[in-house]
Each structure stands twice: as structure tokens, then as C-alpha cells.
Amino acid sequence: MTEIRDVSSYLIGAWCPPDAEARPIHDAATGRQLARAGHGSLDTAGILRHAREVGGPALRQLSFHDRARMIKALAQHLDANKQALYDLSFSTGATLRDHAFDIDGGIGTLFVFASKARREMPDATVYVDGPVEALSRDGSFVGQHICTPLRGAAIHINAFNFPVWGMLEKLAPTWLAGMPAIVKPATATCHVTELAVRIMLDSGHVPDGALQLVCGGIGDMLDHVSGQDVISFTGSAETAARLRSTPAIQREATRFSAEQDSLNATILGPDVPPDAPEFDLFVSEVIREMTVKAGQKCTAIRRILVPADAIDPVITALCARLSRITIGAADDPETDMGPLVSSAQCADVRAKAALIASEAACVFGDPDAPPPVPGGAFFAPLLFFCRDPDAAHLVHETEAFGPVATLMPYRDLDHAVALANRGQGSLVASLITHDPEVARTVTLGAAACHGRIYLADRTTMKAGSGHGAPLPHMIHGGPGRAGGGEELGGIRAVLHYMQRTAVQGSPDMLRAITGRHVPGATPVPAPAHPFTRGFDALHIGETLETEARTVTLDDIETFAHFTGDTFYAHMDDAAAARNPFFPGRVAHGYLLLSFAAGLFVHPEEGPVLANTGLDALRFLKPVSPGDSVSVLLTVMSKTPRNPAYGEVRWHVKIKNQNAEPVAEYELLTMNAFDTPAA
Ligand code: NAP
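The shown structure was predicted, so the numbers you read here are calculated from the model rather than taken from an experiment.

### With respect to the environment of D573
Structurally, D573 can be placed in helix 19 (residues 573-578). Separated by 327 residues in sequence, D573 and T246 have C-alpha atoms that sit 74 Å apart. Beyond its immediate chain neighbours, meaning those up to four positions away, D573 contacts G584 and R585.

Structural data, given as C-alpha cells:
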């Protein structure tokens, strides 16, 4: 007899093996018990306390960049050890192709968040959301929205289908925000999650208390949540509804984000004939979505919407492709589709397919046929055709979480949109069309009911990520029956674990809090020209005030002829004066920028390595011949890029002889460290 493996939880800094009340975990292909997980009782208050009092403070003392480096190191460590995850994952029914989504996709998500955070977040502990708001005419009272980490724990309750990606896609933004996580994977596949947690903890990169793992039931943990905790749930609508109504969650207004069932649709554009490349693309998308993870994917295509006159060729093409799908052991390289996760899941899919069959004819497969491979949880694909999708209900409401999809005819684009929207809120809809007008009509009609719209045609064929793949850069979630939650979407996801606070006060106060220069704050005197000082030596608010320079008519003429910019406002006094913006001939804006650089640069070789761009440029007042301009150059923020140099954002204000601002912008430079960082 094969040994039954104990799947432990990692709680309050220690591994805790399952006890007598553990639940069984079965091999998807054979149905035999391979492991057990769970505990009769848990010190849930202690687990939450450990996260809040040990993990939270440890993470909060790190900057966003420190946390990003930690996540990158974990991604590298997981990547180096992923073969063990592959090997174990086969027991869940996942094939090598499925591992690319779950294991490689999860690791890739960590890499993307680590890199985006270092590019888009400051090397600080406060995230600034949006610009400084002027709340008074004289600029002495201003406002700024800031985001700081919530002081509680993030409880991640995950579905069985992505034991690795499901954990990592939530951990990355949670840790970046500075919150500790308590991960509760679905029991059916928690042995894979447990291994991923062991690999991460063994790396030594996870601070104490930042990660706990609860395998099996979660006990009464949700009765102890506070308004500083976050619950991020992925699973069925039924479980979400039950958990959402926990009295403590209601009483404490605990953030509860749900990603649940979704009846995702794909639409074949009316412009696509059977011989167009888009037709093959459409067929391939449907087949991939039906068979990757054996259709156990929240984003999988469940409803296939096709112009009424294209139904026959689509059925023929899909049936031909489905008949070539090889079903078998997940670890067999010849296998296209492995088993479902468990026999319970098979029974559930069979029952849901029976509901769909009451409204649609089966055109591929047989819902009553015996399993394609005996033993275990094998389930052959089923393709249904619903002739009258307007009269039908169950095909729009029943999520058979397996290789099951239903074809439906549509009359015109409005009808296609109406059918897609009958999912009552979905994670994703895809549209295969080569006509931008079709794309516009469908997107604007369906966007309110969908979290993501995937448009594909011959131009995206190579690079497109596919209907079903949530990308870390783009949001994942959907309204209504999809749960109303939102995950991923780059730095947006980090903010789900932070509190946004409106801070109002003087520019000096706001600068001290945010670590960014706020226009109007008292200048910090520069001990030397800032271009002579390394990245590490520069202080936020350090300001250089330059000499003034008079702009002459000759300067304007010379610049105009040298650059070729002889626009009438610079050359023709009468024409310029007829323009409502100018008193007569005025200096070019670009001439002012060039003169500003001439006033503030320090010419010698030094720590400034390159000018990498300008942001937020505004010309505020025209400059006439005879006016003189000077510049205030202020260090606004600093972002290290690597141990050798970092990006400095400078606030530049060009003013005239009356101290009126004539132009303002943010200048970006790369500056070397005086002392390279470790
Ligand atoms: P599920 O049965 O609702 O379970 C989801 C999670 O909730 C599991 O970790 C489960 O743990 C846990 N859970 C169940 N009852 C609980 C309770 N009383 N207290 C605390 N936790 C509890 O869903 P599933 O069968 O794992 O996943 C399939 C469903 O998830 C499908 O409907 C699919 O559409 C949806 N899904 C959605 C997304 C998305 O991103 N929108 C992604 C994947 C899946 P146990 O396993 O220990 O019961």
C-alpha cells in the first residue's frame, strides 16, 4: 500500500501536521487517497495575531522596493525548484501544458509585480495616489491622497484549480502593499500549495509572520476579522455568499473581494468567413479553453456565440478538433487533456451538463457515456448547441466547471451583445473579428457586464495571450455573478491592501509625509550645485535658483531659422497679435526649455548621466522679446534603479522678471550614486 502523505499547515511560525480530523486528498487519475490535510481545531485568534503583530511590522519596515526585491528573489527560487512542483501537480490532473498556466504563470506573475513595483512605486513606505490638489488660491493649503498598508492580515481563500498561481497572484500585491497573508488553499489540491510554501520559506526570503498556510478547514477565523483585515476569496458563488454574510465581516466592514463563477462568452464576428484566418483562430481559442485544465478555469469559454449562418461550419470545425483530443494520464506527454480534479468534481460537472442538456442538443460527446478512461476523474468534452438562446435560461446560468461549452446562434451584433450580457456579469468575453467597428460596438455594449474584453484577429495571432489568461498587468474580476471583485491590474492590485487617506495641510507638512517635493514647500538650500551631487546625496526639496537671462528678438529669429520653426506667432507681430493668446511675437516654448537647460545645467562631467524625459509640461504665460527668465530647479523625488544609479525627478519652474511662472514641468535624469548601493 502506498503511504498517505501528511500535508501540514504553517501556523505561527511552525509546521503543524494534520490531525485525526484531517480530510482525504485523492489522486485525480486513480481516485486513490494520496494525502490528508486539516485540523480539528485551530488557534485562529493566535494565527491572526501572529500575522498582525509579527508579519505586518516586519513587512512595513521594508520599502516598496525592498518588498519587490524579496518577491523577485522568491520568483527566482521557485523557478529553480519548479520541477518538484510539476511532478506533484500531475496528481491533480494537471498536464505539462496546464503547468505553464499554474506554475510558470504564477512565477511569472511574481516577476511582473516585482518589476512594475520598482518602476512605478517609490523606494519608500508611502504611496502617493494622484497629484497634489490645490485647495486654496495662494497655495498655502493643499491636499494629497496617500496609501498606507492596512494593519491587519490578508486572508486568501483560494479555489482548487490553480494551487500555485491562485496563491502567488494574490501574495505579490499583498506583500508589496506591506500586509501579511494567511493562505487557505482548496483542500483538493492543497498538497501542491504546501510544497510551494515550503520552497518559499526554505529560501529564507519571507519575513517571519508574512506567510501562514491553513490546509483543510479555516475554523472560526472569519469570526475574528477586523476592519483592518482583507478577505480575498476565489471559488463558487455559493461559498462566497455564505462567507460574505459572516456577522464579523458585516459588523467590521471588512474588505471582502470575491472572484466566483462566470459564464464567459466568445463571439465570432459577423465579418469572419470560414476561409479567413480569424475563423481558425476562433476554433483554436474555443478548443484551448475547453481543454486546458480540462475546462476547470474560471475564465474558460462556456458560451460560444456565432452568426446564425456560420453555425454549421463552426460545429463541423469544432467537432473535428475535439475528436483529435487525447485524454489520458496527466504526466503522459502525449496527453492533451488530463482528468478533472476529483470524482466529486466529475459528478458535479455531469449534473450541470444534464441541466444544460435540458435546453440544448449535444453535438459532440455523450453526457451519459462512461468515463473515457476507467477509474479516477476522467471526463470527455461535451459540446452543446442551443437553438433558441433567447428562450433558454440554464445555458446562461449553469457553470459546468469542466470541458463543457454551448454554441448559440445570434442574429446581429446587438443580439450577440445581449446574449453575452446574459451571463449577468462575467470575467471575460472575447471577440474574434478583423473589423474595428464590430470591435467598438461589442466592446461598448458588453464592457459594463465584463471585467475584461479580449479582441483577437490576424494581427494579434502571434502575440495575443489568449481568451483565458489573466495577465498581471490587466485587471481580473467581473461584476455581478463574477463576484464584483477585482484583482491584478498592476499597481491597482497593491492598493486593494492599502488604505487611501486624504491628507490636507501645508506644502511643508505634505512633503514631510510623502517624501516628495510639493510645490510651495520651503526650498531646502543646496550646499552645492545639485548636478555636482550624487543620487544619494541629494535631498528632496533641494533647490537651485539660477541667474536671469533676457530673451531678445534676435534669439527668437535665430532659433526659428536654426530649427525651421517659423510659426507665425514667433515671426509676424500683427498675425500673432490677432491670436487671442499672444500680445505680439513671442518666444518659442522650446526656446524657453533650451534656455532653462542652459541656465541650470552644470557643464562638467559629473553624477548626472542622462536626461531621460520631461513630464507634465505646461506653458503658462507668453514670453515677449525683452522679457527675462530665470529657473527654480528642485529635487522632487528619487527612485533607485540599480546599485549604480537612480532616477531623479526635478520640478522645474521658469519665471519671468515679475516672478510670474511662464512654464512648469518635471524633468527626469539618471544620476550616479556617490557611494554605490550594496
Ligand atoms: P468552492 O467550493 O467555493 O471553494 C473555494 C474555497 O473556499 C476553497 O478553498 C474551499 O475550501 C473554501 N471554503 C469552502 N467553504 C468554506 C467555509 N465555510 N469557510 C472557509 N472556506 C471555505 O470552489 P472550488 O470548488 O474550489 O472552485 C470552483 C469554483 O471556483 C468554480 O465555480 C469557479 O468558477 C470558481 N473560480 C473562480 C475563479 C475566479 O477567479 N473568478 C477562479 C477559479 C475558480 P475547501 O476546499 O477546504 O472546502
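There's more to say after this.
### With respect to the domain arrangement of the chain
A common measure of how large an interface is: the accessible area buried when the components associate. In terms of domains, the chain is made up of domain 1 (26-35 + 42-260 + 493-498), domain 2 (265-470) and domain 3 (523-672). Taken over C-alpha atoms, the centre of domain 1 sits 44 Å from the centre of domain 3. Tallying the contact residues gives five residues for domain 1 and four residues for domain 3. Of the roughly 330 Å² buried between domain 1 and domain 3, counting both surfaces, carbon and sulfur atoms make up 45%. Here domain 1 is connected to domain 3 by zero salt bridges. Counting across the domain 1 and domain 3 interface gives one residue pair in polar contact (both at pLDDT 80 or more).

### Quick look at the environment of D43
Locating D43 in the fold gives a position in the loop between strand 5 (33-37) and helix 1 (44-60). Its relative accessible area of 47% is what places D43 among the partly exposed residues. Each C-alpha atom of the pair D43 and D129 lies 38 Å from the other, and the pair is 86 residues apart in sequence.

### Looking at the pattern of salt bridges
Under the counting rule described, the total for this entry stands at 23 salt bridges. Note that R69 and D66 form a salt bridge whose closest N and O atoms lie 2.9 Å from each other. One end of the pair is R69 and the other is D66, both in helix 2 (residues 64-80) and three residues apart, which spans about a single turn. Residue D66 is classed as partly exposed on the basis of its relative accessible area of 28%. A salt bridge links K82 to D79, with the shortest nitrogen-to-oxygen separation between them at 3.2 Å. Each of the salt bridges in this network shares a partner with another, and the network as a whole consists of R5, E194 and R198.

### Some remarks on the site of the ligand
The environment of the ligand is made up of 26 residues, and the closest members are N158, T187, S236, T239 and E399. In this structure, T239 approaches the ligand through a side-chain N or O atom, which is 2.6 Å from an oxygen atom. Look at the ligand: alone it shows 900 Å² of surface, and the protein chains cover 82% of it. Taken together, the elements giving at least two residues each to the shell around the ligand come down to strand 11 (230-234) and helix 7 (237-244). By residue number, the principal contributor to the shell around the ligand is helix 7, which donates three residues.

### With respect to unusual backbone geometry
Positive phi outside glycine occurs at A253, with the angle close to 50°. Residue placement: A253 occurs in the loop between helix 8 (247-252) and strand 12 (255-259). Positive phi outside glycine occurs at K293, with the angle close to 55°. Along the chain, K293 turns up in the loop between helix 9 (277-291) and strand 14 (303-307). Judged by its relative accessible area of 7%, K293 is buried.

### Quick word on the sheet that holds strand 22 (residues 498-505)
An order of 6-7-22 is seen for the three strands of this open sheet, with the pairing classed as antiparallel. Two strands close off the open sheet at either side, each with one partner strand: strand 6 (127-134) and strand 22. Averaged over all pairs of adjacent strands, the angle between strand axes in this sheet comes to 20°, irrespective of strand direction. The pairing of strand 6 with strand 7 (residues 142-149) spans five bridges and is classified as antiparallel. What sits directly across from E133, in strand 7, is G143.

Rules used in this analysis
- Residues numbered from 1 in each chain as written.
- Predicted model: local features only at pLDDT ≥ 70, side-chain atom pairs only at ≥ 80, totals over all residues.
- Heavy atoms only, no water.
- Helix = DSSP H or I, 4+ residues; strand = E, 2+ residues; numbered from the N terminus.
- Contact = heavy atoms within 4.5 Å.
- Domains from an automatic or database assignment.
- Buried area = accessible area lost by both parts, 1.4 Å probe.
- Salt bridge = Lys/Arg side-chain N within 4 Å of Asp/Glu carboxyl O.
- Polar contact = N/O pair within 3.5 Å; in protein donor to acceptor, adjacent residues only side chain to side chain.
- Buried < 20%, exposed > 50% of the residue type's maximum accessible area, 1.4 Å probe, protein only.
- Near = heavy atom within 4 Å.
- Areas by Shrake-Rupley, 256 points an atom, 1.4 Å probe, with all protein chains shown as cover.
- Pairing = 2+ DSSP bridges.
- Axes fitted to C-alpha atoms, helices over the stretch in contact; angles between N-to-C directions.

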